[in-house]
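Close look at the chain arrangement
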Amino acid sequence: MNTIVHFQEALDRAAKALIDESLNRDERIMLLRDMKGRLRLLVNADPGWEKPRIDRICATLGSLGGFGEVPEQAVLYAKDFFDLTRIFHDVVLMQDPAWAAPVRIVDRQIIGQDWLNPLDTSDGPPRLVFFGIKGGVGRSTAMAILAHTLAREGKRVLLVDLDLESPGLSGLMLPHENMADFGIVDYLIEDAVGQGEDVIRRMVTASPMSIQTQGEIRVVTAMGSGERDYISKLSRAYADVPGPDGPISFASRMRRLLDQLAAQEQPHVILIDSRAGLHDLAAICTVGLAGNVLLFGSDSPQSWQGYRLLFQHWQRHPEILKSIRDRLKMVQALFPETDQAARFTSFLQHSYDVFVNTLYESTPPEQEDPDAFNFAKSDEAAPHYPLRINWDNRFQEFSPLLLASGAMTEDQIQATFGAFLKGAKGLVGLTGELA
Amino acid sequence: MPTSSMVSYPKAARRHFADATLLAAQGRNPNAGQLYGFAAECGIKALLPFDPVRDCAAGSVGKTHIQKIVNQFAQVQTAYQSRCCERYLAMIPSINHFHDWHTDQRYWDECHLPPSLTAWRDAATEVCLMLDQAKQDGRIA
């Protein structure tokens, strides 16, 4: 009877085989994990190169059940491809705490590639992404309050709703009559047939929230004012499209859109509402848009489990991790009114535990490394140390449009959002006072 | 009589492409152009869901050449529901370069052939790169 080997164990065994043969860092060889998770070896050399060692690795790959391949078909050479060299450009170094060393791998996935597709820098204005593992933690309200505060300080703020599968920013920020003709989803559909330029000029509108402020809030919503067929569009929006140098991925299209909007609107800052959870759209928002990322959460097991899963994924790809980890900042949302000291301590400890066990580097005490990416638990500048938003019943089911009417006082806003606003403005380098 | 196990569209695509390139390098453009077309045809057939022997015998898609195959490429969507299909389609934006290619051109006088060799080569290159992607993905053997 064949032994069943499951997904994770298959990769562990394959990685160990490469490491045991000291071929895990050789640039001519790497693991290929296909869309079903089946593992093979790619060798950019002629058959016969390192044959004994490769035969032993293939024997291991042949023992991986449904995730392996019979030994004689477990290795692919340059002759089996049109251009294997090009494939070797896509290699990433994967590391796992259970492995003795990193392994080179091409990991083909149906979706989810964008969690490992970072954009390190962008030339435009700073970007701040609002992300949460779970929804319903006050992300959009916090975004509205921050936008209004910045507009009062004379800043031009661009809000972008990338929560395409649960669009809410329009209802929150704009009366229906103020909505633009088109939204993000329209752009994606029209751009795929070469008509994006026409749409982009008609997809930004001013929010009445900033009617009495020195600065301005401009809003890009997921849908336009006359939307009648949103789901039909959404179901086509994620496609790659052809480009002059090969296919243009959805992530690249979103980056291009953000760049074009920034050039058109000239904002001081772009605030981006991300889709919640471990979804491709969230991957693009958090990893692919080169922004600082606010990680909203409450002190719940579900929230920490979600962040742990995400961070573990990054942890396995050290080169990717380095470009992401210093852009992260936790936000403790819905901070309760009672027992605050103990609840803050609990949140901080859970947050610290997740970061220490995944994203922070561990250096032995005798080898103090000033460049190591690790922080004391009490370091307020550290990614794990949360900005705090207090629970306030007045902001539940709150309409930011009330901000323009003066219905909320500055004291009320500061009491609830003061610490958050100060920290968030610091992240994007906009620390000005009221104009 | 051919059997299914004798057919390998991906290998045939690469072989036709390599031979086309050799011919083109020696200025043998008419037959180079034919082979670029066959390379693309084999590459797309590799991703289509049909049995090469059965469907060839039935005279359906197996015997269909590139122009009709391009039109039938939407079948890939039924074979591979998901974004993979869109990725593959996005990799071959130049496939319509074969609009003026025809298998009957092997009978033509050279002076009547369209001057499309470079366009055909570029389109066939895209198809071969798409096959590399499908092979990595585990979609084709």
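Given the structure is predicted, the values throughout are model-derived calculations rather than measurements. (Residues numbered from 1 in each chain as written. Chains lettered and ligands numbered in written order. Predicted model: local features only at pLDDT ≥ 70, side-chain atom pairs only at ≥ 80, totals over all residues. Heavy atoms only, no water.)

Each helix and strand counted, chain A has 15 helices and 13 strands in total. Taken over the C-alpha trace, chain A has a radius of gyration of 24 Å; the compact-globule value for 435 residues is 22 Å, and the two agree within 12%. Its C-alpha atoms give chain A principal-axis dimensions of roughly 75 × 55 × 40 Å. In chain A, which comprises 435 residues, the share counted as buried stands at 54%. Across chain A, every contact between residues at least 6 apart in sequence was considered, and the portion connecting residues at least 24 apart equals 74%. (Helix = DSSP H or I, 4+ residues; strand = E, 2+ residues; numbered from the N terminus. Rg over C-alpha atoms; globule rule 2.2 N^0.38 Å. Buried < 20%, exposed > 50% of the residue type's maximum accessible area, 1.4 Å probe, protein only. Contact = heavy atoms within 4.5 Å.)

Listed per partner, the contact involves 28 residues of chain A and 20 residues of chain B. Between chain A and chain B, a total of about 2,100 Å² is buried, with carbon and sulfur atoms accounting for 60% of that surface. The three residues of chain A that bury the most area against chain B are M35, F82 and R108 of chain A, which together make up 29% of that side's buried surface. In this structure, the connection of chain A to chain B is made through one salt bridge. (Buried area = accessible area lost by both parts, 1.4 Å probe. Salt bridge = Lys/Arg side-chain N within 4 Å of Asp/Glu carboxyl O.)

Glancing now at the packing of aromatic side chains. Centre distance and the angle of the planes are the two values used to describe a pair of aromatic rings. Residues and elements named next belong to chain A. Overall, the coordinates contain 22 aromatic pairs over all chains when judged by the stated rule. When the centroid spacing of 4.9 Å and the interplanar angle of 65° are considered together, the rings of W304 and F347 count as edge-to-face. With W304 in helix α11 (residues 301-315) and F347 in helix α13 (residues 340-356), this residue pair connects regions lying 43 residues apart in the sequence. Given a relative accessible area of 5%, W304 falls into the buried group. With a centroid separation of 4.9 Å and an interplanar angle of 65°, the aromatic rings of F311 and F355 are classed as edge-to-face. Within this pair, whereas F311 is found in helix α11, its partner F355 is found in helix α13, the two being separated by 44 residues in sequence. Through a chain of ring-to-ring contacts, three or more aromatic side chains come together here, namely F131, Y307, F311, W314, Y352, F355, Y360, F373 and F375. For the cation-ring pair, R388 lies above F344, with the distance from its terminal atom to the ring centre recorded as 5.5 Å. (Phe/Tyr/Trp six-rings, centres within 6.5 Å; stacked < 30°, edge-to-face > 60°. Lys NZ or Arg CZ within 6 Å of the ring centre and 35° of its normal.)

Okay, the sheet that holds strand β1 (residues 29-33) of chain A next. All names here are of chain A. In spatial order, the strands read β3-β2-β1-β5-β4; together these five strands make up an open sheet with mixed pairing. Because the sheet does not close on itself, it has two edges, and the strands there are β3 (75-77) and β4 (92-94). The sheet shows a mean angle of 40° between the axes of neighbouring strands, taken without regard to direction. The pairing of strand β2 (residues 39-43) with β3 spans three bridges and is parallel. What sits directly across from V43, in β3, is Y77. Against the sheet, helix α1 (residues 7-20) makes contact with β1, β2, β4 and β5 (103-107), and its axis sits at roughly 170° relative to β1, the strand it touches most. (Pairing = 2+ DSSP bridges. Axes fitted to C-alpha atoms, helices over the stretch in contact; angles between N-to-C directions.)

All names here are of chain A. If you check the domain split of chain A, you get domain 1 (7-108) and domain 2 (116-427). Just the C-alpha atoms count here: the centres of domain 1 and domain 2 sit 37 Å apart. Between domain 1 and domain 2 lies a buried interface of about 660 Å² when both sides are counted; carbon and sulfur atoms form 50% of it. Ranking the residues of domain 1 by area buried against domain 2 places L93, M94 and Q95 at the top, with a combined share of 54%. Where domain 1 meets domain 2, there are one salt bridge. Here D96 ties to R316 by a salt bridge, and the two come within 2.9 Å at their closest N and O atoms. (Domains from an automatic or database assignment.)

Residues and elements named next belong to chain B. If you walk through the whole model with that rule in mind, you get zero disulfides over all chains. Free of any disulfide, C128 has its nearest neighbouring cysteine sulfur in C42, separated by 9.5 Å. Under the relative-accessibility criterion, C128 is labelled buried at 1%. (Disulfide = S-S within 2.5 Å.)

Consecutive side chains along a regular strand alternate between the two faces of the sheet. All names here are of chain A. Extensive coverage of strand β9 (residues 216-220) is indicated by the burial of four of its five residues. The pairing of strand β8 (residues 205-206) with β9 spans two bridges and is antiparallel. Bridging from a neighbouring strand, A206 pairs with R218 of β9.

This paragraph deals with the environment of A419 of chain A. Residues and elements named next belong to chain A. Here A419 is to be found in helix α15 (residues 410-427). For A419, a relative accessible area of 48% corresponds to the partly exposed category. The residues contacting A419, other than those within four sequence positions of it, are L387 and R388.

Residue and element names in this part refer to chain A. Sheet architecture is open: eight strands sit in the order β8-β9-β7-β10-β6-β11-β12-β13, paired in mixed fashion. On the outer flanks of this sheet lie β8 and β13 (387-390), each paired with one strand and no other. Direction of pairing for strand β6 (residues 127-132) relative to strand β11 (residues 292-297): parallel, over a ladder of five bridges. Opposite F130, over in β11, you have L294 as the bridge partner. Helix-sheet contacts for α13 involve β11, β12 (328-335) and β13, and the interaxial angle to β12 is about 150°.

All names here are of chain A. Positioned with a positive phi, S22 is a non-glycine residue whose angle comes to about 55°. If you trace the backbone, S22 turns up in the loop between α1 and β1. Given a relative accessible area of 55%, S22 falls into the exposed group.

This next bit is on the pairing of strand β10 (residues 269-273) of chain A. Residue and element names in this part refer to chain A. Of all five residues that make up β10, five are buried, and the element is covered over most of its length. Residues V269, L271 and D273 line one face of β10 and the alternating positions I270 and I272 line the opposite face, and both faces are buried. Alignment of β6 against β10, held across four bridges, turns out to be parallel. Each bridged residue has a counterpart across the sheet, and for R127 the counterpart in β10 is I270. One ladder, built from five bridges, connects strand β7 (residues 156-161) with β10; its direction is parallel. Its bridge partner lying in β10, V157 is registered against V269.

Moving on: the pattern of salt bridges. Residue and element names in this part refer to chain A. Per the counting criterion, the structure on display carries 32 salt bridges over all chains. Between R127 and D259 there is a salt bridge; the shortest N-O distance is 2.7 Å. Of this pair, R127 sits in strand β6 while D259 is found in helix α9 (residues 250-265), placing the two residues 132 residues apart along the sequence. R156 is the salt-bridge partner of E216, the closest N and O atoms lying 2.8 Å from each other. Of this pair, E216 sits in strand β9 while R156 sits in strand β7, placing them 60 residues apart in sequence. Salt bridges linked by common partners bring R156, E216, R218 and E265 together as one network.

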